[in-house]
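Structural description and commentary
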Amino acid sequence: MIKCRYRFKEIGWTAIRKEYDAVICEGNSLMAFDFNDPDMDVRYMIGSIKPGEVADGIDLAALKSDAKDSTKIYGAILPDTCYIGEARVFRFEDKTGYFISMKAGDPDKSIIYRAYLNKTGWTDFAMDGQVCGELEDEENFACGIQVFTQPKSELIIDGSEKKAALPQSALDKAAERLKAFTNRLDRSFLYCDSNFRHAEKSSVNYRIERDLEVKTVEGGMILPLKIIDEDSRDGIFAGGVVDKNGSFVAGLHRKNEKQTNMTVLEAYPVNESEVEVIDEDVIYGGVIFPGKRRFGHMMIETMSRLWYLLDDSDPADTAASELKKNAKIAFVILPESDEYMDIFFKLLGIDSDRILVIKKPTRFKSVTIPEQAFVLFSDYHEKANLIYDKMMSAVEAKDVEKLYLTRRSFTRYDGANDGLNEEYLEEFFKKRGFTVISPEQYSVEEQIGYMKGAKEVICSEGTLSHLGLFCNPGTKMTILRRSLNSYLFPQYMIDEMRGLDVSYVDAHFNILPDSHVDSVFLFGPSPCFKAYLDANKIAYDEDEVKMDMSLMYDYIVKYTENFSDTGRFRSIAKYDLFDLIQTLNKVIRGEYLSRFDYETKAHKAYMENRELTRKVENLEKKLEKSETERKEILNSKSWKITRPLRKLTGKK
């Protein structure tokens, strides 16, 4: 599977896109591609010239093409000498792209692609070196693309014309992903500054489309968590499940295989004398996020492997059915606290005596490991819905159809209350028939009951919006963005997974750089908020949508106090002077400034460092793969058999 990301002049690098995902920029042309599949050698050629010009010594207009008009380059087959290999990153520089041609280095696969031209829309699909785009109109430039691969064996060959065509299943998949993207672009993100950025990130295909894996490790051991890196916000941990040899098997993923904040992706050595032995078959449940501080993560990440207990897709497997009904479920827990909310397990019908929290290295008869159905910053599987459907079925729906969830009364674990002026939003929506509640003042069952019964929910972005996990499909949800720079990937995944009808609205006046956490948020009737009201035909008086600008002083005072704490400052340390100027322009003048036009040296160095870091990570992966292959060869039967021959020839 090929994965790509794209860089546009206006918005910079997009999120990682999977196969079939479309991406379109509203404004300027495509600037760069970055192919993230190390096993997929993609070759490319990009044209950004006017008709009659010559690119890299090739007269494009003179190339053989199926088009009657020779100025239309679409369908032309370029010679191999045109292509540049290993397309990890390539750029248009600051030119406009009129056509694109790609070629797969893998002899067994074809790369399929089409370009979006700003005037004429999507081209037909091209494959294996064909060109898509045109030279006829220099203003009709490429500003989007859709890319996927197809095994050559699955292509349909037209015997009369000797041409390859795509199977209907591939065409249907491409159309499905394109429809998902355009629906989000048209409907959900009309009320945000730089709305394309939000639509682009939210429309990524986050679904895991293969079957989830279930592994069983005979004689497996579970290690309690141990912090190994304190530089990340909350730490990085070692522990989880290991096999008989002590090799790591499972812990906690957040960005697939990338080690990042709070992940558990490696083990640590233990003395056998320290190991407790329990002669039972257990199920690995994952990581418990303890206490009220981690409510959202308990709700999402702690539950992500428990789909397995509810999955009855193979009733004939009696051994698995027995394991699901009776085996203990072993968790590791973050070392910050032993307290956790067992109500989540009870709502799934799991008795408390089945929950086993590992406090010391423990070896079991076997450990069954269901794959995570929700990886916080990467993807989800539809079977995660089994978890939340089951929890919803255990409670009665509240008779409240219009619900506003406020965080005004909420005080964080560290004593901070970081919102200002949310009472304005409460009063505004209360006048329009919404019931205002503070979810933290209700039991988990009551919170689920409110969400289950609601037909329309309004709340700020964060843990409150994550409660959308307990809404019925089609529930209308308005998420009020409290941060200028936050793109909450887990929420986008929840929206898609639960089938919610979501609109995002910038409803703040934050004039200083912020982050989703450790920041200060000034709520109010922004221009985006008024656009949302107009689009949804919500009547209002002009006095109701005037911002009390005197609150800016309170905001600045609270902001200054907040970031005098060096621990919180790290969350905005990456922002520079341009970010401040950009934010002031957005909030005060309603103008979006592109960093590409005002790029600072510090930011350029930061981006170059990120690129170099990524290259080092890829090289380390290749080295690890090569070392594994070397060991396999040295341990192979053929290598041992040929040892006498190598001695005779003097070869090692």
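Shown above is the structure to which this text applies.
Scope of this entry: the structure provided in the associated data block. Fair warning: this is a prediction, and the values are worked out from it, not measured in the lab. (Residues numbered from 1 in each chain as written. Predicted model: local features only at pLDDT ≥ 70, side-chain atom pairs only at ≥ 80, totals over all residues. Heavy atoms only, no water.)

Some points on unusual backbone geometry
One non-glycine residue, Y20, lies in positive phi territory at about 80°. Along the chain, Y20 turns up in the loop between β2 (12–13) and β3 (22–24). Given the relative accessible area of 13%, Y20 is considered buried. Its identity is not glycine, yet M262 carries a phi of approximately 70°, on the positive side. Residue placement: M262 occurs in the loop between β20 (248–250) and β21 (276–288). (Helix = DSSP H or I, 4+ residues; strand = E, 2+ residues; numbered from the N terminus. Buried < 20%, exposed > 50% of the residue type's maximum accessible area, 1.4 Å probe, protein only.)

Brief notes about a positive patch on the surface
Taken together, K255, K258, K574 and R610 make up a surface patch of like positive charges. When you line up the elements, K574 lands in the loop between α14 (566–569) and α15 (577–589). K574 gets classed as exposed once you look at its relative accessible area, which sits at 54%. (Patch = residues over 30% accessible without salt bridge, like charges linked within 9 Å, V, L, I, M, F, W, Y side chains within 5 Å. Areas by Shrake-Rupley, 256 points an atom, 1.4 Å probe, with all protein chains shown as cover. Salt bridge = Lys/Arg side-chain N within 4 Å of Asp/Glu carboxyl O. Lys, Arg positive; Asp, Glu negative; His and termini not counted. Charge placed at Lys NZ, Arg CZ, Asp CG, Glu CD.)

Here we look at the pattern of salt bridges
Counted under the stated rule, the structure contains 25 salt bridges. For R177, the salt bridge is made with D21, and the minimal N-O distance between the two is 3.1 Å. Taken together, the residues span a long stretch of sequence, with R177 in helix α1 (residues 168–187) and D21 in the loop between β2 and β3 at a distance of 156 residues. D21 matches R177 in its accessibility class, with the two residues each being buried. Where K455 meets E401, a salt bridge forms, and the shortest distance between an N and an O atom there is 3.6 Å. With K455 in the loop between α9 (444–453) and β30 (456–460) and E401 in the loop between α7 (384–393) and β27 (402–405), this pair connects stretches of sequence that are 54 residues apart.

Remarks on the nonpolar core
One recurring pattern in soluble globular proteins is that nonpolar side chains are buried together. Judged by nonpolar contacts, the single largest core of 86 residues is most densely connected at M391 and F470. Setting aside residues up to four positions removed in sequence, M391 forms contacts with M303, F344, L347, L348, I448 and F470. (Core = buried A, V, L, I, M, F, W, Y, C linked by side-chain atoms within 4.5 Å. Contact = heavy atoms within 4.5 Å.)

As for the packing of aromatic side chains
Under the criterion given, the structure shown has 23 aromatic pairs. Taking 6.5 Å as the distance between ring centres and 65° as the angle between the ring planes, the aromatic pair formed by Y424 and F529 counts as edge-to-face. Here Y424, found in helix α8 (residues 422–430), pairs with F529, found in helix α12 (residues 527–535); they are 105 residues apart in sequence, far enough to count as distant. For Y424, a relative accessible area of 17% puts it in the buried group. (Phe/Tyr/Trp six-rings, centres within 6.5 Å; stacked < 30°, edge-to-face > 60°.)

Some words on α15
Residues separated by three or four positions in an α-helix point in the same direction, a consequence of the helix having 3.6 residues per turn. An ideal rise of 1.5 Å per residue puts 18 Å on 13 residues; α15 measures up with 17 Å between its terminal C-alpha atoms. Buried residues of α15: F578, D579, Q582, T583, N585, K586 and V587, and no others. (Expected span 1.5 Å × (residues − 1).)

Things to note about α9
With 7 of 10 residues buried, α9 lies mostly within the body of the structure. Those residues of α9 that sit buried are V444, Q447, I448, G449, Y450, M451 and G453.

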